[in-house]
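The primary structure of each chain is shown beneath.
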Amino acid sequence: MTLFLEQMLNGVQFGVMLFLLAAGLTLIFGIMGVINLAHGSIYMIGAYAGTWVATETGSFWLGIPAALAAAAFTGAAIEFLVVRRLYGRDHLDQVLATFGLILIFNQTITILFGRQPLFVSMPALLDGSVELLPGLVYPIYRLAIIAVGLLVALGLYLLINKTRIGMLVRAGSTNREMVRALGVDIRLLYTLVFGLGALLAGLAGFMAGPILAVQVGMGEQILITTFVVVVIGGVGSIRGAFFASLILGIVDTGLRAYLPGLLRQVMVGPEADALGAGISSMGIYLLMAIVLLIRPKGLFIRNS
Amino acid sequence: MNFRRMLLAASVSALAALPAFAAEPVKIGMITTLSGPAGYLGQDIRDGFMLALEEGKLGGVLVELVVEDDGLKPGQGKQIAERFLSENGIKLFTGIVFSNVAGATIPDIVDSGAFYVSPNAAPSNLAGKECNENYFVVSWQNDSLHESAGQNATNLGYKKAFVLAPNYQAGKDAIAGFKRYFKGEIAGEIYTRLDQTDFAAELAQVRAAKPDVVFQFHPGGLGITFLRQYEQSGLMKEIPMVVAEPSMDGVTLAAVGDAAIGLNVSSHWNSDFDNAANKKFMDAWNKTYNRPVTYYASQGYDAALAYASALKATRGNIDDADAFRDALRKADFESVRGKFAFGPNQHPVQNWYALKVEKGADGKPVLKTVGEVFKDHGDAYAADCKM
Amino acid sequence: MEKSLKRPALLAGVLIALIALPVVADATGYAALTSLATRVLIYGIAAASLNFVLGYGGMVSFGHAAFFGIGGYVVGILYQHYSLGEPLFGFISGTNQLLITIPVALVVSGLMAALIGALSLRTGGVQFIMITLAFAQMLFFLFVSLKTYGGDDGLIIRRANELPGLNMRDKQTVYYVCLAITVLFFVILWRIVNSRFGNVIVGLRQSEKRMAAIGLPAYRYKLMAFVISGMGCGLAGALMANFLRYASPDMIHWTKSGELMVMVILGGVGTLFGPLLGAAVFIVLESILASWTENWQLGLGLILLFVVLYTQGGVQALGARMFGRRA
């Protein structure tokens, strides 16, 4: 039972991590209609900038503003220099441009930081584990990630449902043309949303530092999974992104944890393990295909 | 900017200084992976190789090293090989890091009569049925890495092991290799994913199975992630770990830091080896590069030494392929790992050592050699090789 | 519809240049140019096939590498069973004959496209992009876990498929075979694009409602186009496996789908020869930059960005504008 609870926590932790990335992506996607492949690069930039500052200054905490600032600045720069020119254009042009950006960012990081992954130290405060229940020992850092993720989700909920900007965002994701027609300064709104999305991606990147490898290409690894989240949740829906992230995190963790064991009941050991690993790799894609076949617009968008 | 035609500054000046009879430099083509997360592997192979050049010469023969990035794409590697062969007239090749690039590229190279000395990848088919007289490996056969880890676990007296590796060919080979030499029982076996970023689910299973020891194979960034999470979950204190060198090279160690202390590693080379060739290599490395050394660099260096020995014996005449091949086969060079010889399939027969990660003099973790695992270990595929 | 075919002189010129290319390459000492051109032709077929659904039909598939990979694996798997002498599933014997492997690759990739298309076409827009990606990734992981066929290491095809009367070990011969197939492919594609069927596909992109109003079954037409496109990619994959003598899961990886898409956009979406041009530009750039500097990705990224921001409609449009013509 404690093992099951631990796996659930693992799923939630993976889920909130995905949410930080998916929230920005779904807003940019839903409101501006831009497919931003470079979102993963911003995640990488957040990780590098934060880790570098943390290592140079010796303080993990100083890394946080550095990561946020670098990511938000990069995001705003991308919006201002590149994406702004592509709003009216085809999705395909956006794909090509942001694909170009991925190459540029990856190589620039390689030139600046070299090819070796960076070392990240863990702050003493968050190092170690706590016993949540008898027999359930869990790393503090992961609990902190869950807490930050849930706080961000709450903050976004308040921002979107209780503020004027949030109202515009909501309006923008349902009917872009209408917001524009009402004379709202859409440019400012766009830059703000893009910057906010980038900020969250940078935060995710920095928080991932101590548990993952900070290396070139870390963004693309998670980018596709994030797109899966966005599509399952429904494009433009923060609520959808939140629940889809959690579902995906838990399903993915659950498959990895329990599928080989279940298969071993009916098959020989090694084959069951290999098959189980194969199926759980496909798991999130299979889930997405099934969701889309039943609800073509995603889980949290009403089909019209 | 690093240009491909790395006619090293040294060799340019050497050329200029020599009288008119100076021969054309012998070209060596290096196809390696320099971009993406695995870029540091190719970088170290290249830089290790270059350390062996003495004023632009290998074995007293002027050489020109031509380096190109395969981007970890088999098609790209093949294309580069073809251009090197047909346009640059290159006959000596080296550099490939990954088995999949090797599989697509090496058959073309050796089929056209050129030589290939592998500084890293050595897939099983090329060691067995598909072996070739122009194909040499100075690193190891892929399986040996994990066989040594299995033997190491047996030597350390562990009875119950939990094994983890990514669900791809090299991962399955790793687990098979480990099991071949591990005498205890397997408490559990998990295949992870190549694109996995979170191992919490697997670690929970490891903890539940309560094994004596964990064996895992996760190269590069994957390994850094795995080790960090293993340590953070508190498992490092409870269950010791054995790995083979791809999961714990110098760069991985620097990125993981103290989390790796106590780890048992098996390797064919370590930076603290006490022999003249290795001391020379380590001095040169530390003087030239300001970064941790990896075994990839040592293999690049040994590949250069192997070519140097043959170039010296043939006085730079590579047109007589038979003579050049015979000279290469003798492996007449001082390897940085000490004893070295080629087996019947031209793969190494060498010793394997047990290393342990300990706190070094400066407080940073280092890999320390603590014992021997195998003596004169070859590979199982040599039997299938008919040359 | 397609104006470039109304410039037969230009086309004939390009064709003659392509025929002369290996001879010129050998004479000038750039023999590897022939192989580079072979790769361009093969990717050109794949990109043009993708463009048929993407550019003409408006169906943005992010999973076309699946069919490319299937074509490659058909050749690889048939060769493996041929060389081991063990029939596939116990009754299909392997083969190394190009005249058999290519049609088999076409059929298998067509069937796969029918299956994937039938499910994917129930969605549209972004969801279509993602669901095609999902199916391709599932196939990717499937082939990665297939130990029998090399898993992640891929399948080495020791000798290219044979064609009676030709020496397929000769690089120039392989090039001419690919060139002939490419010409044939583009003629067929041209016929399709300009047929009634092609008009319906373009009409569906512009307005599915209008097409439905005149009583055309949109779904069936789109599926047909998807299958044709998948078969084209399968053909390219089969040729690529013969050219590389190697098939591996990275033929199916999403980055390959992305590359194909980049080629299409780079060359010019919805044009007959744009994708071929895009493939040429992409592959030549990648090779030249990589041989020039190890930071080639930076250069490639900047060039892609430039093309998007400052040329409207890809390299073909750029060329047309530079020479004062309208594309």
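For the structure itself, consult the block above.
Chemist: Any chance you could explain the overall build of chain B here in plain terms?
Modeler: Broken down by element type, chain B carries 14 helices and 15 strands. The C-alpha radius of gyration of chain B comes to 21 Å, within 12% of the 21 Å expected for a compact globule of 387 residues. Oriented by its inertia axes, the alpha-carbon framework of chain B measures out at about 70 × 45 × 35 Å. Out of the 387 residues in chain B, the part that is buried amounts to 67%. The long-range share in chain B, meaning contacts at least 24 apart out of those at least 6 apart in sequence, stands at 70%. Accessible surface for chain B amounts to roughly 12,900 Å². Of this, 52% is attributable to carbon and sulfur atoms. Averaging the coordinates of the 38 positive side-chain charges in chain B and doing the same for the 45 negative ones gives two points 2 Å apart.

Chemist: Looking at this structure, how should I read the interface of chain B and chain A?
Modeler: Where the parts come together, the accessible area they lose is often given as the size of the interface. Counting residues at the interface gives 36 residues for chain B and 39 residues for chain A. Summed over the shared surface of chain B and chain A, the number is 2 salt bridges. The salt bridge partner of D198(B) is R142(A), with a shortest N-O separation of 2.9 Å. Linking chain B with chain A are 14 residue pairs in polar contact (both at pLDDT 80 or more), by the criterion used here. Counting only elements with at least two residues in the side of chain B that touches chain A, the list comes to helix 2 (39-51), strand 9 (185-192), helix 8 (200-209), helix 9 (220-232) and helix 11 (250-256) of chain B.

Chemist: Hey, could you run me through the packing of helix 1 (residues 2-32) of chain A against helix 8 of chain B in this one?
Modeler: Two packed helices can be described by the angle between their axes and the distance between those axes. Taken N-terminus to C-terminus, the directions of helix 1 of chain A and helix 8 of chain B make an angle of 165 degrees; their axes are 9 Å apart at the nearest point. As summarised for this structure, helix 1 of chain A and helix 8 of chain B are arranged roughly antiparallel, according to the angle between their axes. Our pair here, helix 1 of chain A against helix 8 of chain B, has a crossing hand that is right-handed. In contact with L3(A), E6(A), Q7(A) and N10(A) of helix 1 of chain A, helix 8 of chain B contributes A200(B), A201(B), A204(B), Q205(B) and A208(B). Its residues assigned to classes, the contact of helix 1 of chain A with helix 8 of chain B comprises 5 nonpolar, 3 polar and 1 charged.

Chemist: I would appreciate a short explanation of empty space enclosed by the protein in the present structure.
Modeler: Rolled over the atoms, a probe with the dimensions of a water molecule shows which regions are left empty. Enumeration over the complete set of coordinates arrives at 12 cavities of 30 Å³ or more. By volume, the second largest cavity is sized at about 160 Å³. In terms of lining, the second largest cavity is formed by 15 residues, of which the most central are F14(A), T225(A), R193(B), D195(B) and T197(B). Breaking the lining of the second largest cavity down by element, the ones donating at least two residues are helix 9 (218-233), helix 10 (238-266) and helix 11 (269-294) of chain A. Residue composition of the lining of the second largest cavity, by class: 5 nonpolar, 5 polar and 5 charged.

Chemist: How should the interface of chain C and chain A be read in this particular structure?
Modeler: Across the boundary between the two partners, chain C contributes 37 residues, which contact 40 residues of chain A. Taken together, the two surfaces of chain C and chain A that pack against each other cover about 3,500 Å², and 80% of this comes from carbon and sulfur. Viewed at the interface, chain A and chain C are joined by 0 salt bridges. Taken together, chain C and chain A are joined by 2 residue pairs in polar contact (both at pLDDT 80 or more). Elements that contribute at least two residues to the side of chain C that touches chain A include exactly helix 5 (125-145), helix 10 (254-267) and helix 12 (296-310) of chain C. Per element, the largest residue contribution to the side of chain C that touches chain A is 13 residues, and it comes from helix 5 of chain C. In terms of residue class, the side of chain C that touches chain A is built from 27 nonpolar, 8 polar and 2 charged.

What counts, and at which threshold
Residues numbered from 1 in each chain as written. Chains lettered and ligands numbered in written order. Predicted model: local features only at pLDDT ≥ 70, side-chain atom pairs only at ≥ 80, totals over all residues. Heavy atoms only, no water. Helix = DSSP H or I, 4+ residues; strand = E, 2+ residues; numbered from the N terminus. Rg over C-alpha atoms; globule rule 2.2 N^0.38 Å. Buried < 20%, exposed > 50% of the residue type's maximum accessible area, 1.4 Å probe, protein only. Contact = heavy atoms within 4.5 Å. Areas by Shrake-Rupley, 256 points an atom, 1.4 Å probe, with all protein chains shown as cover. Lys, Arg positive; Asp, Glu negative; His and termini not counted. Charge placed at Lys NZ, Arg CZ, Asp CG, Glu CD. Salt bridge = Lys/Arg side-chain N within 4 Å of Asp/Glu carboxyl O. Polar contact = N/O pair within 3.5 Å; in protein donor to acceptor, adjacent residues only side chain to side chain. Axes fitted to C-alpha atoms, helices over the stretch in contact; angles between N-to-C directions. Parallel < 35°, antiparallel > 145°, perpendicular 65-115°, else oblique. Left-handed = near helix turned anticlockwise from the far one by under 90°. Nonpolar A, V, L, I, M, F, W, Y, C, P; charged D, E, K, R; others polar. 1 Å grid on protein atoms, 1.4 Å probe; cavity = no way out; pocket = protein on both sides within 12 Å on 5 of 7 lines; lining within 4 Å. Points joined across faces, edges and corners; volume = space filled by probe spheres on them. Buried area = accessible area lost by both parts, 1.4 Å probe.

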